[in-house]
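Fold and contact review
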Amino acid sequence: MRFGFGLLSATAVAQFAMIAMPAAADPVLSIYGGYQTAPHSTISVTDGTEFTSGWQGKSFAMPPYWGVRGTWWLDESGYDNWGVALDYSHSKVYADKQTLRRKTPGWTHFEFTDGLNLATANVLYRFKSTDRDWTPYLGAGFGADVPHVEVIRPSGKTWNYQVGGVSGQLMAGIDYRFTEHISGFSEYKLNYSHVDVEIDSGDRLKTNILTHALNVGLSYHF
């Protein structure tokens, strides 16, 4: 079901944020979108197939690239520049036309486009100052990816969600405070996803996918 896993994950992040807010000095809920792409990666299948896939992000095609993040800044603990965050992003990749035409004989469809679905726990550091409205920040985290595996080849069809493996991310951005409760931000985010999934005929497909994203978003400060 398109959007199903993504909406469920976003709801889970939001609910966790609401539960954790009373214990945090500066809880923040953020939503974002932007431009996301991925470099080539090597695909290995246990039947002996191996090739390099070119990827397209198609960030604004349905379903679009987007994400949600709950952040808790540790103001009351004496570590007011540090924070922790839960982040979910609906990243996606499509095998490009050259890959399907020349490198995968008989494969007519190869995508992770109802999401690589990356969920990570993160540590953030902000360069906070009381005399300006803008705040640079850095972050790093790790978690898991749950891709929607879409493969159609002569031996069969795979079309389901699976736990792919570990995921990690790095981010750097700047937040601008418009009001007491509202801010906007722009950031660069790098994600790594190890994907090890089952496809038709009992075979397994493995690859390591990097995604690069330029995000813009809005945050609500409680």
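Everything that follows concerns the structure shown earlier in this document.
Residues numbered from 1 in each chain as written. Predicted model: local features only at pLDDT ≥ 70, side-chain atom pairs only at ≥ 80, totals over all residues. Heavy atoms only, no water.

1. Examining the sheet that holds strand β4 (residues 55-56)
Strands sit in the order β4-β7-β8-β11-β12 across an open sheet of five strands; the sheet is antiparallel. Edge positions in the sheet fall to β4 and β12 (156-161), since each has one partner strand and no second. (Pairing = 2+ DSSP bridges. Helix = DSSP H or I, 4+ residues; strand = E, 2+ residues; numbered from the N terminus.)

2. Side note on the pattern of salt bridges
According to the stated counting rule, one finds nine salt bridges in the structure shown. Measuring nitrogen to oxygen at the nearest pair gives 3.0 Å for the salt bridge that ties Asp-47 to Arg-153. Separated by 106 residues along the polypeptide, Asp-47 in the loop between β2 (41-45) and β3 (50-53) and Arg-153 in strand β11 (residues 148-153) bring together distant segments of the chain. Its relative accessible area of 39% is what places Asp-47 among the partly exposed residues. Linking Arg-204 and Asp-196 is a salt bridge whose minimum nitrogen-to-oxygen distance equals 2.9 Å. Salt bridges sharing common partners tie together Asp-47, Arg-153, Asp-200 and Asp-203. (Salt bridge = Lys/Arg side-chain N within 4 Å of Asp/Glu carboxyl O. Buried < 20%, exposed > 50% of the residue type's maximum accessible area, 1.4 Å probe, protein only.)

3. Observations regarding the nonpolar core
Formed by 19 residues in total, the largest nonpolar core has its most connected members in Ile-43, Trp-55, Trp-107, Phe-110, Phe-112, Leu-205 and Ile-209. Of all elements in the fold, only β2, β7 (93-95), β8 (109-112), β11, β14 (182-198) and β15 (204-221) reach the threshold of two or more residues within this core. Excluding residues within four positions of it along the chain, Ile-43 makes contact with Thr-49, Glu-50, Phe-51, Ser-53, Trp-55, Phe-110, Leu-205, Lys-206 and Thr-207. Counting ten residues, the second largest nonpolar core, distinct from the first, contains Val-28, Leu-124, Tyr-137 and Ala-213. (Core = buried A, V, L, I, M, F, W, Y, C linked by side-chain atoms within 4.5 Å. Contact = heavy atoms within 4.5 Å.)

4. Some points on the packing of aromatic side chains
Per the stated rule, a full pass over the model turns up twelve aromatic pairs. Ring centres 5.2 Å apart and planes at 55° place the aromatic pair Trp-55 and Phe-110 in the tilted group. Taken together, the residues Trp-55 in strand β4 and Phe-110 in strand β8 connect sequence positions 55 residues apart. For Trp-55, a relative accessible area of 6% puts it in the buried group. With relative accessibility at 1%, the residue Phe-110 sits in the buried group. Members of the aromatic cluster, connected to one another through ring pairs, are Phe-51, Trp-55, Trp-107, Phe-110 and Phe-112. In this arrangement the basic side chain of Lys-58 is found over the ring face of Tyr-94, its NZ or CZ atom lying 4.5 Å from the centre. One residue, Arg-132, lies across the ring of Trp-134, its end atom 4.3 Å from the ring centre. (Phe/Tyr/Trp six-rings, centres within 6.5 Å; stacked < 30°, edge-to-face > 60°. Lys NZ or Arg CZ within 6 Å of the ring centre and 35° of its normal.)

5. Some thoughts on the pairing of β3
Covered by surrounding structure in β3 are Phe-51 and Ser-53 only, the residues Glu-50 and Thr-52 on the alternate face being uncovered. In this structure, β2 lies alongside β3, joined through four bridges in antiparallel fashion. Counterpart to Thr-42 in the pairing with β3 is Thr-52. Here β2 hands over to β3 after four residues, with Gly-48 in that stretch at a positive phi of 100°.

6. Digging into unusual backbone geometry
Cis geometry marks the peptide bond from Met-62 to Pro-63, where omega comes out at -10°. By the secondary structure assignment, Pro-63 is in the loop between β4 and β5 (66-73). Notably, Lys-58 is not glycine yet its phi reads approximately 45°, a positive angle. In this structure, Lys-58 sits in the loop between β4 and β5. Not every positive phi belongs to a glycine, and Asn-117 is a case in point at roughly 50°. For Asn-117, a relative accessible area of 1% gives the class buried.

Keep in mind these values describe shape, not function.
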